[in-house]
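Descriptive structure summary
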Amino acid sequence: MPDSSAAADKTPHNVSLAEQLAWASRMVQAVQAGRSLTEALGQTPSRLRPGVQALTFHALRHLGLTQAIVGRLSRRSPAPPVKALLQVAISLLWADPSSSESPRYAAHTLVDQAVTALKVLKQPVVVAGFVNACLRRCIRERQALNDWANEQTEARWNHPAWWVERVRSDHPDHWQAVLEADRVPAPMVLRVNARRQTRAAYSAQLAAMGIDACPVGDVGLELAHALPVEQLPGWQEGAVSVQDTAAQMAAPLLLDGASGVRRVLDACAAPGGKTAHLLERADLEVLAIDQDPARAQRIRDNLARLRLEATVMAADAGQPHSWWDGKPFDAILLDAPCTASGIVRRHPDVPWLRRPGDVEQLVQQQARLLNALWPLLRPGGRLLYATCSVFKAEGSEQILAFLATHADARTLPAPGHLLPGLAGQTDTREPADGIGDNATRGTDGFFYALLVKPAA
Ligand SMILES: C[S@@+](CC[C@H](N)C(=O)[O-])C[C@H]1O[C@@H](n2cnc3c(N)ncnc32)[C@H](O)[C@@H]1O
């Protein structure tokens, strides 16, 4: 789902702001009721989706603030649809006027359209006065409300308080930067399919179409502006994939410098981004498995578009007796299920959907997978453990616990915790293409540990 935060302007002319506000508030209400935004957006009429996604992303990036302000302005909690509508409208009143990324509307237009949106949402007429009064008060008292909200953790950082505390204690030197980065739209990054052409050749094609991009990593191109994949040259023919710079580090980490790698297991593979990258990089026999059959099908579809081949299975990686043929693997990629706390800038619903207890549950799941897969690695083989999380429990602490109980495991150099948006974490070693200015917007949050089983 490329981030269309700046896409509100691309909404068809016959769609009113009121209609978009109504749909965006349905999305916010769905997230507050515990539903994933991707799923909820799937039920939005397609003609409205880019604009509604942009408004919803913006609202979710301000959810802590607007939750506090709505609480302050209302004696009793409003009905969920009204509360969500107020939250969307207030987030827009707070849009940063200097940001080219955030949607902007005149205050009086917003108030008028929010009141009209109540009709779209079929709310009782009497609510209109309340919504009107709340929004006008926000406009009048914006500075005072902002100062008051800034004193409260969730409103100041727009993440649940437990999440702020965990990031603060895990990354005492960078926690503010991490939380701020979560609220900045992520860039769209492409991975050029090295089986089909060089990055230089593809970037020349982009330049000829007036699409600005700069090189990242070995085969990546960060676009200056997100655009629908169908508009990318050669998309259907498998010229490129969409994949963040941090995720593009997995294949080189696992393969570069390793010898005799042929049989590879990608243990949690869907939708197949890293499986495909492995196959683009070397001639391998890859077994790609994922527990979820529908997601396993997405691996097949992605590989087909990229003209790549692997064996794909729907299975529980933690129960090898149900799928393993007994032949050891030369290399294993375990891109484990995690909280996704490193990709909040792409999925702003994540912090509001997670509960503190989820972290421990996922840590146990990751440990189960690591323990089950380690015996499948041949002596001298490598296992790359990855999560798109910034929480140490799912990264460095997980690996320390594993090393403490596996005397036959050693570590090789790997990035460890990459923090979202932080400059200096992005690999721009190869500016030789002579395109763009290398002004990347940093990577997603990720963790990588590379384990090796010494040869007998
Ligand atoms: C982080 S995603 C993988 C992303 C993928 N490696 C890529 O680059 O496109 C984690 C995946 O693990 C899968 N998964 C979760 N538990 C699993 C298990 N026990 N066995 C196999 N797959 C599992 C999920 O369905 C999900 O698709």
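Some remarks on the sheet that holds strand 5 (residues 263-266)
If you trace the 7 strands from one edge of the open sheet to the other, you get 7-6-5-8-9-11-10, paired in mixed fashion. The open sheet has two edge strands, strand 7 (311-314) and strand 10 (410-418), and neither has a second partner. Sheet twist, expressed as the average angle between the axes of neighbouring strands with direction ignored, equals 10°. Alignment of strand 5 against strand 8 (residues 329-335), held across 3 bridges, turns out to be parallel. When the bridges of strand 8 are listed, D266 appears paired with L333.

Focus on the sheet that holds strand 3 (residues 220-223)
Spatially, 2-3-1-4 is the arrangement adopted by the 4 strands of the open sheet, whose pairing is antiparallel. Each edge of the open sheet is held by one strand with a lone partner, namely strand 2 (213-216) and strand 4 (240-242). Adjacent strand axes in the sheet meet at a mean angle of 30° when their direction is disregarded. As defined by bridge partners, strand 1 (residues 189-192) adjoins strand 4 across 3 bridges and the pair is classed as antiparallel. Note that in strand 4 the partner of V192 across the bridge is V240. Together, strand 1, strand 2, strand 3 and strand 4 form the strand contacts of helix 12 (residues 199-208), whose direction differs from that of strand 3 by roughly 20°.

Examining the domain arrangement of the protein
Segmentation of the protein into domains returns domain 1 (7-157) and domain 2 (244-452). Relative placement of domain 1 and domain 2: their C-alpha centres are 36 Å apart. If you look at the interface, domain 1 gives 14 residues, while domain 2 gives 8 residues. Taken together, the two surfaces of domain 1 and domain 2 that pack against each other cover about 800 Å², and 63% of this comes from carbon and sulfur. At the boundary of domain 1 and domain 2, one finds 0 salt bridges. Counting the contacts that link domain 1 with domain 2 gives 2 residue pairs in polar contact (both at pLDDT 80 or more). Residue assignment for the side of domain 1 that touches domain 2 shows that the elements contributing at least two residues are helix 2 (37-41), helix 3 (49-60) and helix 4 (63-73). Among the elements that line the side of domain 1 that touches domain 2, the one with the most residues is helix 4, at 3 residues.

As for helix 14 (residues 273-281)
One turn of the α-helix equals 3.6 residues, which is why residues spaced by three or four share an orientation. Of all 9 residues making up helix 14, 7 are buried, and the element is well covered by its neighbours. Looking at helix 14, one finds that the buried residues are K274, T275, A276, H277, L278, L279 and E280.

Here is what the cut-offs are and how they apply
- Residues numbered from 1 in each chain as written.
- Predicted model: local features only at pLDDT ≥ 70, side-chain atom pairs only at ≥ 80, totals over all residues.
- Heavy atoms only, no water.
- Pairing = 2+ DSSP bridges.
- Helix = DSSP H or I, 4+ residues; strand = E, 2+ residues; numbered from the N terminus.
- Axes fitted to C-alpha atoms, helices over the stretch in contact; angles between N-to-C directions.
- Contact = heavy atoms within 4.5 Å.
- Domains from an automatic or database assignment.
- Buried area = accessible area lost by both parts, 1.4 Å probe.
- Salt bridge = Lys/Arg side-chain N within 4 Å of Asp/Glu carboxyl O.
- Polar contact = N/O pair within 3.5 Å; in protein donor to acceptor, adjacent residues only side chain to side chain.
- Buried < 20%, exposed > 50% of the residue type's maximum accessible area, 1.4 Å probe, protein only.

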